[in-house]
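# Commentary on secondary and tertiary structure
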Amino acid sequence: MQLVLPENTASARLILDAPESLTEEAYLSFCEANPGLRLERTAKGEIVIVPPAGGESDYRSLEIAAELRTWAKRDGRGVAFGSSVEFLLPNGAALSPDAAWVSNDKLARLSKEQRRKFLRLAPDFVAEIMSPSDRLPAAQAKMLEWIENGVALAWLINGDAQTIYIYRPAQPPETCQGMTTLAADGPLRGFTINLADLWAGL
């Protein structure tokens, strides 16, 4: 099924008549039939159409993904991913972060064929960049969903406010403001990001 949508700057939800009948294979086929759309799926089976990122948001996403990849290649314990990957979470959601890192141990549990499709696992680390159209409560709820599904460390980055919200399991979120560097912990111990470029934007 292909969709033709009007231009939109906010996300939209597509609710099918019987979302429970949309198997993972059917969802993958739906995504392949609509390559021009960035799609996610909620735990309830709703398909969310995510608008393309603006220039500054994409710049910030690429900055953190690039730094994460450089570190991951040097560290060797896992693999970095950008914004086009999608993870199938235990609660049934299918989500795409702006950047992610997965340990080699987790990837080794998937077959080569499984790695070619949406990854059926929770990454060890995710980062999400807020865009001007994002609302903080919704963004924070998504971060909690990542953590509840097995992510060990998650960063929600608001570049305009120079604020990072850090999420870890069984802990309240930590808010960091005005920092110029941030050192990761947990599975990403050893990764440090320079925030100056993120705060400066375009």
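Scroll up for the structure.
Residues numbered from 1 in each chain as written. Predicted model: local features only at pLDDT ≥ 70, side-chain atom pairs only at ≥ 80, totals over all residues. Heavy atoms only, no water.

Helix and strand counts for the protein chain come out as six helices and 13 strands. Out of the 202 residues belonging to the protein chain, those deemed buried represent 44%. With an accessible surface of roughly 10,700 Å², the protein chain has 51% of that area assigned to carbon and sulfur atoms. (Helix = DSSP H or I, 4+ residues; strand = E, 2+ residues; numbered from the N terminus. Buried < 20%, exposed > 50% of the residue type's maximum accessible area, 1.4 Å probe, protein only. Areas by Shrake-Rupley, 256 points an atom, 1.4 Å probe, with all protein chains shown as cover.)

Let us now look at the side chain of N158. Position of N158 among the secondary structure elements: in strand β9 (residues 153-158). Only 3.2 Å separates the side chain of N158 from the backbone nitrogen of A161, close enough to count as a polar contact. Filtering out sequence-adjacent residues up to four positions away, N158 remains in contact with M130, T163 and W199. (Polar contact = N/O pair within 3.5 Å; in protein donor to acceptor, adjacent residues only side chain to side chain. Contact = heavy atoms within 4.5 Å.)

What follows is about the pairing of strand β8 (residues 125-129). Across the five residues that make up β8, a large majority, five, are buried. Alternating residues of β8 divide into F125, A127 and I129 and V126 and E128, and every residue in both groups is buried. In this structure, strand β7 (residues 99-103) lies alongside β8, joined through three bridges in antiparallel fashion. Across the sheet, residue W101 finds its bridge partner in β8, namely F125. In the classification by handedness, the crossover that spans β8, the intervening helix α5 (residues 136-148) and the parallel β9 is right-handed. (Pairing = 2+ DSSP bridges. Right-handed = clockwise from strand over helix to strand, strands pointing away.)

An ideal rise of 1.5 Å per residue puts 18 Å on 13 residues; α5 measures up with 18 Å between its terminal C-alpha atoms. Of the residues making up α5, those classed as buried are A139, M143, E145, W146 and I147. On the buried face of α5, the contacting elements are β5 (87-88), β6 (94-95), β8, β9 and β10 (163-167). Where α5 ends, the next residue or the one after it, G150, has phi of about 115°, a positive value. (Expected span 1.5 Å × (residues − 1).)

One can find A122 in the loop between α4 (112-116) and β8. A122 sits 25 residues away from I147 along the chain, and the two C-alpha atoms are 8.9 Å apart. The residues touching A122, leaving out its near neighbours within four places in the chain, are L89, K106, N149, G150 and V151.

Once that is clear, we can look at the nonpolar core. Residues W155 and L188 are the most contacted members of the largest nonpolar core, which totals 24 residues. Elements supplying a minimum of two residues to this core: α2 (55-75), β7, β8, β9, β10 and α6 (196-200). Top contributing element to this core by residue count: α2, with five residues. Setting aside anything within four residues of it in sequence, one finds L188 in contact with L68, W71, R77, W101, F125 and L153. Within the second largest apolar cluster, 23 residues are counted, among which are L110, L121, A122 and A154. (Core = buried A, V, L, I, M, F, W, Y, C linked by side-chain atoms within 4.5 Å.)

To continue, consider the side chain of S57. Within the element layout of this structure, S57 appears in helix α2. Judged by relative accessible area, which is 8%, S57 ranks as buried.

To continue, consider unusual backbone geometry. Of note in this structure, Q162 is not a glycine but carries a positive phi near 50°. Phi is positive for A170, close to 60°, though the residue is something other than glycine. Along the chain, A170 falls in the loop between β10 and β11 (174-177). The class of A170 is exposed, set by a relative accessible area of 89%.

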